[in-house]
Amino acid sequence: MRAVCLQHVPFEGPGAFSEALAERGVSLDHTLVPREGLPKDAGDLLIVMGGPMSVNDSDPWITEETEFIRSALLADKPVIGVCLGSQLMAKALGAMVRPGAALEIGMTQVCLTSEGKRDPVFGAGPDTFQVFEWHGEIFDLPKDCVALAESEIAPLQAFRYGNRAYGLLFHLEMEEGGIDSLCRECAQDLMKARLTAQQVKSAALPQLPQLHQMADRLIGHLLQSSR
């Protein structure tokens, strides 16, 4: 089996998803879309990562990637969209993506919806938990999708389309090196949020093992469903 990862900047990669795939013998192809263009297909599992750009920007690659994701979703491919990736999924399914009430950076508490509590991935964990976030835009629930999680700032933190496509505004895959890279590359966001890199990192590190367990569970579920 082969997974395909669409990246938008070099410093936001698949993180803990890579290990979960490797443990299951699944190969992983990376494409830096703004520089390299889109791959020839979405593989057996499509992972769409984050980035500091907006889905509402006018770059031609954003339109092309949105259509690529839409085709994968309509073909019932297993898909994971993270942060910008979830916003691209929402846009591909016809939902509005817009600025949120405030930046969500670092650890944020999210609560499962009633549907989230029954979800095969998230329903196996606690109803309320901490996730790592780094975004300023939010989205409405796309048509034919199920809301899975919410927070105070973002009424929709996660959604599912069908049984095999998950849009996550938060980062289950984030590793320590990824946090360091975000704090370095997106330092202006930290200033806007009145946070320091040390504050973000010290709050996040104890929570990463639990997030990686969820990431592993998500990968396992999607690979099983695609066999």
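Located above this text is the structure these notes cover.
The rules we used
- Residues numbered from 1 in each chain as written.
- Predicted model: local features only at pLDDT ≥ 70, side-chain atom pairs only at ≥ 80, totals over all residues.
- Heavy atoms only, no water.
- Helix = DSSP H or I, 4+ residues; strand = E, 2+ residues; numbered from the N terminus.
- Rg over C-alpha atoms; globule rule 2.2 N^0.38 Å.
- Buried < 20%, exposed > 50% of the residue type's maximum accessible area, 1.4 Å probe, protein only.
- Contact = heavy atoms within 4.5 Å.
- Areas by Shrake-Rupley, 256 points an atom, 1.4 Å probe, with all protein chains shown as cover.
- Lys, Arg positive; Asp, Glu negative; His and termini not counted.
- Charge placed at Lys NZ, Arg CZ, Asp CG, Glu CD.
- Pairing = 2+ DSSP bridges.
- Axes fitted to C-alpha atoms, helices over the stretch in contact; angles between N-to-C directions.
- Core = buried A, V, L, I, M, F, W, Y, C linked by side-chain atoms within 4.5 Å.
- Parallel < 35°, antiparallel > 145°, perpendicular 65-115°, else oblique.
- Left-handed = near helix turned anticlockwise from the far one by under 90°.
- Nonpolar A, V, L, I, M, F, W, Y, C, P; charged D, E, K, R; others polar.
- Salt bridge = Lys/Arg side-chain N within 4 Å of Asp/Glu carboxyl O.
- Polar contact = N/O pair within 3.5 Å; in protein donor to acceptor, adjacent residues only side chain to side chain.

### Considerations on the overall build of the protein chain
A count of helices and strands for the protein chain gives nine helices and nine strands. Taking 227 residues into account, the globule formula puts the C-alpha radius of gyration at 17 Å, and the protein chain, at 16 Å, falls close to it. Overall, the protein chain is about 45 × 40 × 35 Å in size when its C-alpha atoms are taken along their principal axes. Within the protein chain, the fraction of its 227 residues that count as buried is 52%. Within the protein chain, contacts between residues at least 6 apart in sequence are counted, and of these 75% link residues at least 24 apart. Summed over its atoms, the accessible surface of the protein chain is roughly 9,800 Å², and 48% of this surface lies on carbon and sulfur atoms. For the protein chain, the centre of its 19 positive side-chain charges and the centre of its 30 negative side-chain charges are spaced 3 Å apart.

### Quick look at the sheet that holds strand 5 (residues 97–112)
In space, the nine strands of this open sheet follow the order 2-1-3-4-9-8-7-5-6, with mixed pairing throughout. Whereas interior strands pair on both sides, the edge strands pair on one side only; in this sheet they are strand 2 (27–32) and strand 6 (128–139). Averaged over all adjacent pairs, the angle separating strand axes in this sheet is 20°, with direction ignored. Direction of pairing for strand 3 (residues 45–48) relative to strand 4 (residues 79–82): parallel, over a ladder of three bridges. Residue Leu 46 lies in a different strand from strand 4, and its bridge partner there is Val 79.

### Concerning the nonpolar core
Ile 80, Phe 122 and Phe 132 are the most contacted members of the largest nonpolar core, which totals 47 residues. Setting aside anything within four residues of it in sequence, one finds Phe 122 in contact with Leu 112, Gly 116, Phe 129, Leu 148, Tyr 166, Leu 168, Phe 170, Leu 172 and Met 214. Core analysis: the second largest hydrophobic core is formed by 31 residues, Leu 6, Ala 72, Ala 92 and Ile 138 among them.

### Notes on the packing of helix 1 (residues 16–23) against helix 9 (residues 208–225)
At a closest axis distance of 9 Å, the pairing of helix 1 and helix 9 adopts a crossing angle of 45°. As summarised for this structure, helix 1 and helix 9 are arranged oblique, according to the angle between their axes. Remark: the crossing between helix 1 and helix 9 carries right-handed chirality. Where helix 1 approaches helix 9, its residues Ala 16, Phe 17, Ala 20, Leu 21 and Glu 23 are matched on the opposing element by His 212, Ala 215, Asp 216, Leu 218, Ile 219 and Leu 223. In terms of residue class, the contact of helix 1 with helix 9 is built from eight nonpolar, one polar and two charged.

### Brief notes about the pattern of salt bridges
Enumeration over the complete set of coordinates arrives at 11 salt bridges. Lys 201 serves as the salt-bridge partner of Asp 180, at 2.9 Å between the closest nitrogen and oxygen. With Asp 180 in helix 6 (residues 176–185) and Lys 201 in helix 8 (residues 197–204), the pair connects residues that are 21 residues apart, well separated along the chain. Taking the relative accessible area as the measure of exposure, Asp 180 reaches 32% and is therefore partly exposed. Measuring nitrogen to oxygen at the nearest pair gives 3.7 Å for the salt bridge that ties Glu 185 to Arg 184. Judged by relative accessible area, Glu 185 falls into the partly exposed class, the value being 44%. What makes Arg 184 exposed here is its relative accessible area of 54%.

### Some thoughts on the side chain of Gln 157
As for its placement among the helices and strands, Gln 157 is situated in the loop between strand 7 (145–150) and strand 8 (158–161). At 2.9 Å, the side chain of Gln 157 forms a polar contact with the side chain of Glu 133. Ignoring anything within four residues of it in the chain, the contact list for Gln 157 reads Glu 104, Val 110, Glu 133, His 135, Ala 149, Glu 150, Ser 151, Gly 167, Leu 168, Leu 169 and Phe 170.

Just geometry here; none of it tells us what the structure is for.
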